[in-house]
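So the chains spell out like this:
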Amino acid sequence: MRFLLPFFCLFLLAACQDNRAPDADYEDDFLLIAHQTLKRDDSDYEQDMRLQAVVRNRVDDDAGGGLWIRTTLPWMRLGSGELDTRNLAMLGERAKPLRRFLDTGTLSRVEDGEITETRIADPALHQEMVERFGDKVQQLLDQATATAVPLPDDPRPGDTWQASAFLGGLPKVTADYRVLARDGDRVLIALTLDGDGVTGQARMIARWPSGMPEALRLHSSLPLPQQDARLEQRLVLISQQHYPYPVQDWDVDPMQVEMYTDRTERDLREPRILPADRRQPMRDEAYVDTLLDSLEQSLFYRPDELEETRLLTEGDWTLATPLQQQASFHLTGFEGGAPDGLLLNRLSESGGFYGLASPIPSDIGRDLLVLTGDGQFDADQPVKITGTARVWTDGEPMTLKRDDPAPDAPKILDWQDRRVDLRLGGDLGHWRARPLDADGEPLPYAVVYRPDQQADTSAEVFVGRLTLGPPLDHLTLITEAPIAALRLTPLKESQRPLTFTVRPLPGDGRPGLHPGGVRHQPSPLPEVPDDTGALLEGLTLEGLDDNRLRVTGPPGLRLCTLTPEDGADFHGTPLHFVWDQGSVREDIDPGFELRTEDDKIRYFYGRELSFQARCPTEVDTVTLTREQPGCARFDGEDGVVLGDDCGAIEGLDYAALDDTGLALEPLGEDDQGVRRFWGTVKEVRLLRADGEQQRDLRADFPEVPE
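Residues numbered from 1 in each chain as written. Predicted model: local features only at pLDDT ≥ 70, side-chain atom pairs only at ≥ 80, totals over all residues. Heavy atoms only, no water.

Caption draft 1: Just the overall build of the protein, in detail. Regarding its fold elements, the protein presents 9 helices and 40 strands. Seen through its principal axes, the protein has C-alpha atoms that stretch 85 × 65 × 65 Å. A buried classification covers 49% of the 706 residues belonging to the protein. The contacts of the protein with a sequence gap of at least 6 include a subset with a gap of at least 24, amounting to 70%. When the accessible area of the protein is evaluated, it comes to approximately 33200 Å², of which 45% is carbon and sulfur surface. (Helix = DSSP H or I, 4+ residues; strand = E, 2+ residues; numbered from the N terminus. Buried < 20%, exposed > 50% of the residue type's maximum accessible area, 1.4 Å probe, protein only. Contact = heavy atoms within 4.5 Å. Areas by Shrake-Rupley, 256 points an atom, 1.4 Å probe, with all protein chains shown as cover.)

Encoded structure:
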């Protein structure tokens, strides 16, 4: 029972004031994430449990005189989904009492900053539980009671007081309170818990004047005498409407902290060093705004997933890549109120723009939209979600040499010959850092970001990560040559509102030729190198030891065509080369891969293969617009027809671009032969070749291993 009870806490800080705040200030949805560990006193046995829920507070005008707050639980998830309220219908009649309790919740009366009464909101259910559980119902109510803490009339840093508190499933304990900082109506408070065997500490951001929490971090230890054990808990509570930064939960579970720390250590041991010109460029604010405008139209959900009790959303990976570098977002709610049967889950922010772009096949509690499990959501209309984006653009750079005095921000933690560690974020601001050689030229480098004090699982660090500003980060730059200086660029921050329109896709996932919204793809056009003569010289044959053939080369290799010798086949099926994008994550370079024409066979044994590579000597980029269409015909907002006289390079597709300058995803041709794209086409871009160079090559595949 202990694992279930924390979710019914209201976490209300009510100020002792004569004039009550407006009712709307007391109403909010909270995202609650907790990790609990049950430790036996007489053994090393431990039992872990992860908890996730949306806790809803609403003023109830029908409960009686005064201020009454109703607390309900529209969604709760334990462990890896062993209990998930979305699935209660599968339990039939057995789940009805629990569903009633979750839906009706508890009522707490607040008078002058004190809780004077708490009861189960459904009187009939209350009586049933008293008859079944007796005085244990009061224990449940003790932990379902709203927390009321008298605050100073005008809280200021340094103010202290002592009061009782109910927090996160703990019994009533005495807490020492201290105001750490204040920013307008946001007040940061530190809590120290000590009483009746309960110890712990917390930080809370309270909103003034209502006293409702914006965020809470709690680390506590509670004795369980009847079980000869202690319950240790790490808990994060976030206002889904008011908390102004992306939600992160990576440090709630200590095992997860260890996993992320191991990954960071691996990245530091095996850094991926890239030239500076191969990294994403920084763009101006106007361009990022254009990307965000497109992002607002790029989200979709699949109604056919309703049968699986999940509502999967998917977005636009091509948009996510440039946005992830210089923007962030947080969500604030539904435009016009939440649709029936649907919840917003701000834990979906933890993956950034990449998390919005790709649904996670396994259910780990990070879906953007959550069904309440009551079957009320009508999945045939767009859903509008509001939020805010933060955008960072370059300020005026400065150069810091190794022997220069250390600046106040960013903080230089360590400077070695080939590695520099910096602390940034929080009050230190956002920065870009680039390593330079002795001549002031950019060095190839690897960059490793992680949260500050990532490996520290102590209670002090866990609760201390809650501040009025963004969290601190640790940045490491690694090079292969000595770092003589750093180019430090402060990033200027701006904010803008977001309104996402999440549209339903047809049940089969095929959008048709004229879908709403927008979706992009990686550009089908390769980078054109300055020296096309290097294309043939840089060809490399890879994979032969594994009986595969992958031909890689310098940037621009996609401009070339690879053709097997005449008659080359595999048991009668002709062979051909297929372009493969590779994988940065798996360190696989893009290149041409040999396969059978039906793409089923890519391993070959005991044979020789001759093939020819043909590359252009000169390449021209041709841009066709609606004002100057040239060999193209634009049909409506989303249609294009290329004429036979366009002369594009053989085997290369063309790119249909929208206002973002990114390539739109093709959808197919209509009955009139017009090719349709997912969005409004602004221009078409293609490549033409002038002249050709060629090279003959041969690959030897080993015999079948014995």
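Resuming the write-up.
Caption draft 2: Expanded view of the pattern of salt bridges. A complete count under the given rule lists 43 salt bridges for this structure. The salt bridge partner of Glu232 is Lys39, with a shortest N-O separation of 3.4 Å. Remark: Lys39 occurs in strand β1 (residues 28-40) and Glu232 occurs in strand β12 (residues 229-239); sequence separation between them is 193 residues. Since its relative accessible area comes to 29%, Glu232 is described here as partly exposed. (Salt bridge = Lys/Arg side-chain N within 4 Å of Asp/Glu carboxyl O.)

Caption draft 3: Representation of the sheet that holds strand β35 (residues 639-642) within the structure. Within the open sheet, the 4 strands sit side by side as β34-β35-β39-β38. Their pairing is antiparallel. Of all the strands in the sheet, the pair left with one neighbour each is β34 (632-635) and β38 (666-669). Averaged over all neighbouring strand pairs, the angle between strand axes comes to 25°, with direction disregarded. Relative to strand β39 (residues 675-677), β38 runs antiparallel, the two being bridged by 3 bridges. The partner of Gly668 across the bridge, within β39, is Arg676. (Pairing = 2+ DSSP bridges. Axes fitted to C-alpha atoms, helices over the stretch in contact; angles between N-to-C directions.)

Caption draft 4: Region of the structure containing unusual backbone geometry. Going from Ala409 to Pro410, the amide bond is cis rather than trans, its omega being -10°. Examined against the element boundaries, Pro410 turns out to sit in the loop between β19 (398-401) and β20 (411-415). In this structure, Asn547 is a non-glycine residue whose phi angle is positive, near 65°. Relative to the helices and strands, Asn547 resides in the loop between β27 (540-542) and β28 (550-552). Residue classification places Asn547 among the buried residues on the basis of a relative accessible area of 5%. In the Ramachandran plot, His571 falls in the positive-phi region, its phi being about 50° despite a non-glycine side chain. Under the relative-accessibility criterion, His571 is labelled exposed at 75%.

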